[in-house]
Structures are given as structure tokens and as C-alpha cells.
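Each chain, letter by letter, is given below.
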Amino acid sequence: MKNYKCIAMLLAGGQGNRLYALTNSVAKPAVAFGGKYRIIDFTLSNCANSAIETVGILTQYQPMLLHEYIGNGEPWDLDRNFGGARVLPPYSAKTGGEWYKGTANAIFQNLNFVRNFNPEHVLILSGDHIYKMDYSKMLEYHVEKNADCTIGVIGVPAIDASRFGIMSYDKTGRVTDFEEKPKQPKSNNASMGIYIFKTSELEKALVADEADVKSSKDFGKDVIPKMLADKKKMFAYGFSGYWKDVGTVASLWEANMDLLGESPVFDLAAGGKVYSRNPALPPQYVGPGGSVKNSVITEGCEIYGEVSDSVIGSGVCIGKNAVVKNSVIMENVQIHEGAQINYGIVDGNASIGKNARVGGSRENVTLVARSSVVGDGRTI
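What comes next is a walk through the structure. (Residues numbered from 1 in each chain as written. Predicted model: local features only at pLDDT ≥ 70, side-chain atom pairs only at ≥ 80, totals over all residues. Heavy atoms only, no water.)

This paragraph deals with the sheet that holds strand E14 (residues 285-286). Across the sheet, which stays open at both edges, the six strands sit in the order E14-E17-E20-E23-E26-E29 with parallel pairing between neighbours. Edge positions in the open sheet fall to E14 and strand E29 (373-374), since each of these has one partner strand only. Pairing between strand E23 (residues 334-335) and strand E26 (residues 351-352): two bridges, direction parallel. Each bridged residue has a counterpart across the sheet, and for Ile 335 the counterpart in E26 is Ile 352. (Pairing = 2+ DSSP bridges. Helix = DSSP H or I, 4+ residues; strand = E, 2+ residues; numbered from the N terminus.)

In C-alpha cells, the structure reads:
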């Protein structure tokens, strides 16, 4: 790939209110996924696989676990003396300091970080989507079009369009209309929250947005529409691969289920590798009386019961005669003898007692919070 001198700024400070108990103590990008990953692994791995060597990671809500997890960036080949993975929490400066007020304000507060690397282009990313993408191809398209801003776009079902920034564009790909979360969408072309800016245009747009007292300091609500109104060269870059916004309990469960089957909807083995930080654990063990069907079983698990159509995280122990179906079990959960879980998500370090019942439905998945204890014989 040609060196177009591009750095990435990864927005990873989201609280994720719609994930309820899953984000009580961790930021949304740090939520576990797929047995051995965290949501942020996908964006960081995309950067590594796209030859993006400098990634500023903007954190805010419940950042401790995320900071510890990212560390020096080594699992994603982002441990470098110059560049690499840099965690950027809000900070106090001589002119004052405050929490990030929105996605645009977060980047504005870190313009000095951007200037330090003097890039020609800046890639803006979100840390809370599940997908694999080669950003280098989008960057080549952006340069070829001589765009001031290029927006990643994906087609979504019309019923979901009002949840996204929706755009229209002409046959050349130039964006002609953009509206954030419209009540009556004009198309189903949804923004993926992935932007590439010319650095000079980004800086001008953010400085102007910061000076606008009426702005909510958000890219989709304010910066993108203002640049479009100012006749900036803005292009849509179409993406046709798997992409999922896991902002709700239901969508997180669905994305995990998309990993299952002989021909999974989302094939982790296809495309670039997904890197993660994981402890060294012994192989999975299926004991006498244990069975596993159409499931992801991570290292360090011990299975003495029945598991089907489920994703099981590392260090999980499933006792004799226990049954786990259609569920997501995160790391170090203890599921005791005779317990039954169907259509559930059980967060890390929880304990499900003997003969307990945890059950929901495909439309209403039951959630058990991190470190919770469901007592023997209890039903949730």
C-alpha cells in the first residue's frame, strides 16, 4: 500500500447504556465478545491489518479495564517507540480541561496529538462495532477522489435506517445529503461512523464546531452536515461485508450467534486475523457425560454438562447435568450441577447455582450481570 501518512483516532469512551448491566463497570468497547475477544479488538485488528501504525484511543467512561487491556498495544502489533497505540483520556490543560462533550469535541481536545505526527489524513473510528475492514482500500479511494472527507457507508434494512446517519450520493459517490437519525429516512445508506478527513479540513471543521455555541459537538449531527453545507468534497465509500452495531443486548447476542454453524454469517477465519490479549490457558476439556454441539468453546473451559448453539468464554466450568443452550457465557463463569440456561447472556465471574434456571427468548434475552450469584434453585 502507498504511504499516504494516515493516523487513526479511535473513539472508545462510550458508556453503552442500552447494554445495561454489561457496562456497569466497563466501557462498551471492553465488553467481551466471541469467547476470547473484546469489541475493541476488531477495530484495533483492522488497523493492524491495514498498515495503520499510529492509533490514538480516546477513552472516558469506566476506562480502567480498557487501559489495562490495551497496555502497550503489543497484541495488535501497535507497540512502537513512535506512534503505536496511545491511550488518550480527558486531561486538564492550562486553558482548562473537561470531559469530552461529544465525538467531535473529543478529537478537538486531542488535535495536538494529531499535529505531533503531521499526517496528511486522519481516520476516525468507533470502538464499538463488530466487523473486518481493510481501511487502506478506503484510504486509496479517499485520495483518488481528492476528498475532503470520505464516509464509510453500508446498506441497512429500511426499518433500522432511523437509527443511523443516513446519506444520499450521486453516481460518482459524492455525498449530496446527510441527516443524523432521521425520522423519515430518504435512503437506507447508513454511515458506519468511519470517516477519513484531510487533516487540514478536519482541523478547520473542528475549530469552527468548537466555536459554535449551538453545536452538540458531534460528527454526525454537526460536523458532517456543516461541511456538506459548505460544499466540501465529501464522498461515500461503500462496504458490503459483515458489520454490526452491538449497542443493545439483543444485537450483542445476535452477533455472537452469527459466529456459529458450518457456514457462519460472520466467519472469524476469513479475512484478516483478529488479535486479542488473552492469558495462557490449558486446552478445553469435555469430561465424562459432557457434550458440545454447534458452539464456540474457548481455552480453559471444563464441560461436564450439555452445551449447544452457544458461545462459551475462557475459564468457564459447566457442571454435571447442566444444560446451556442459545446463550453467551463470558469468562470465568461457574455453572453448577443441574443448572439450565437458555437464551441468556451471563457476564464474567458470575455463578449460577445448582438446579438454577436462567431463561429468556430470542426476542428477550435474559442478562446476568458480572460477578452476580444466582442461588441454588433460583429462576431468572
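There's more to say after this.
For the rest of this paragraph, the subject is the packing of helix H6 (residues 199-211) against helix H7 (residues 219-229). Interaxial distance between H6 and H7 falls to 10 Å at its minimum, and their mutual angle equals 115°. Judged by the sense of rotation from one axis to the other, the crossing of H6 with H7 is right-handed. Of H7, the residues touching H6 (which contributes Glu 201, Leu 202, Ala 205, Leu 206 and Asp 209) are Phe 219, Asp 222, Val 223 and Met 227. Split by residue class, the contact of H6 with H7 holds six nonpolar, no polar and three charged. (Axes fitted to C-alpha atoms, helices over the stretch in contact; angles between N-to-C directions. Left-handed = near helix turned anticlockwise from the far one by under 90°. Contact = heavy atoms within 4.5 Å. Nonpolar A, V, L, I, M, F, W, Y, C, P; charged D, E, K, R; others polar.)

So, about the side chain of Asp 148. Along the chain, the position of Asp 148 falls in the loop between helix H5 (135-144) and strand E8 (149-155). What makes Asp 148 buried here is its relative accessible area of 8%. Apart from the residues within four sequence positions on either side, Asp 148 is in contact with His 142, Ile 196, Phe 197, Lys 198, Glu 201, Met 227, Lys 232 and Lys 233. (Buried < 20%, exposed > 50% of the residue type's maximum accessible area, 1.4 Å probe, protein only.)

Turning our attention to the pattern of salt bridges. The final tally for this structure, using the stated rule, is 14 salt bridges. Arg 115 is paired through a salt bridge with Glu 203; the nearest N and O atoms lie 2.6 Å apart. Of the two residues, Arg 115 sits in helix H4 (residues 111-117) while Glu 203 sits in helix H6, which places them 88 residues apart along the sequence. Each of the salt bridges in this network shares a partner with another, and the network as a whole consists of Lys 28, Asp 128 and Asp 245. (Salt bridge = Lys/Arg side-chain N within 4 Å of Asp/Glu carboxyl O.)

Moving on to unusual backbone geometry. What you tend to see is this: most non-glycine residues have negative phi, and most peptide bonds are trans. One non-glycine residue with positive phi stands out, namely Asn 294, at about 45°. Mapped onto the fold, Asn 294 is located in the loop between strand E15 (291-293) and strand E16 (296-297). Backbone geometry places Asn 321, a non-glycine residue, at a positive phi of 65°. Relative to the helices and strands, Asn 321 is located in the loop between strand E20 (317-318) and strand E21 (323-325). Judged by its relative accessible area of 60%, Asn 321 falls in the exposed class.

The quantities given are spatial measurements derived from coordinates; they are silent on function.
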